[in-house]
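# Tertiary structure, described
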Amino acid sequence: MGRDHLRLALDDRVGECEIDLPGADASVTGSQVTGLAYVRDTITMKIVTAAPGLLVLTENFVPYWHATVDGNPTPIHRAYGTFMAVAVPSGAHNVAFTF
């Protein structure tokens, strides 16, 4: 698994996923995901982004997944019909998906 399994969408539409992201700007670039780790039933990563956006993880959306951003529970949205997405604010954050 690598960086090809992640995508940061810096707008409020990802397939049928539509979320209110105040300050989202599709023209902003330079986001970075580091420290991607798959350990048992948890996927963790660090993200730094200049604008709010949706972090899309190309793992199949299943309702048994839970997500946190900086340790705070956050909803998981369906993206592109089958993947998982979470809203992330601008700045540096720790994101975790747990099954």
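Presented here is an overview of the structure given in this document.

Criteria and cut-off values
Residues numbered from 1 in each chain as written. Predicted model: local features only at pLDDT ≥ 70, side-chain atom pairs only at ≥ 80, totals over all residues. Heavy atoms only, no water. Helix = DSSP H or I, 4+ residues; strand = E, 2+ residues; numbered from the N terminus. Buried < 20%, exposed > 50% of the residue type's maximum accessible area, 1.4 Å probe, protein only. Contact = heavy atoms within 4.5 Å. Core = buried A, V, L, I, M, F, W, Y, C linked by side-chain atoms within 4.5 Å. Pairing = 2+ DSSP bridges. Axes fitted to C-alpha atoms, helices over the stretch in contact; angles between N-to-C directions.

Here Thr98 shows up in strand S11 (residues 91-98). Using a relative accessible area of 30% as the deciding quantity, one classes Thr98 as partly exposed. When the C-alpha atoms of Thr98 and Val39 are compared, they prove to be 9.7 Å apart, with 59 residues separating the residues in sequence. Not counting chain neighbours up to four residues away, the residues in contact with Thr98 comprise Asp41, Thr42, Tyr64, Trp65 and His66.

Let us look at the nonpolar core. The biggest cluster of nonpolar side chains holds 15 residues, and the ones touching the most others in it are Met45, Leu55, Ile76, Val86, Val88, Val95 and Phe97. Mapped onto this core, the elements with two or more residues apiece are strand S5 (42-49), strand S6 (53-60), strand S7 (66-69), strand S10 (83-88) and S11. Sequence-distant contacts of Val86, defined by excluding residues within four places in its chain, comprise Gly53, Leu54, Leu55, Ala67, Thr74, Pro75, Ile76, Val95 and Phe97.

All right, on to the sheet that holds strand S4 (residues 32-39) then. One open sheet accounts for five strands, arranged S4-S5-S11-S7-S8; its pairing is antiparallel. Edge strands, defined here as strands with exactly one partner in the open sheet, are S4 and strand S8 (72-74). Ignoring strand direction, the axes of neighbouring strands in this sheet form an average angle of 25°. Here S4 runs beside S5; their pairing, made up of six bridges, is antiparallel. Bridging from a neighbouring strand, Tyr38 pairs with Ile43 of S5.

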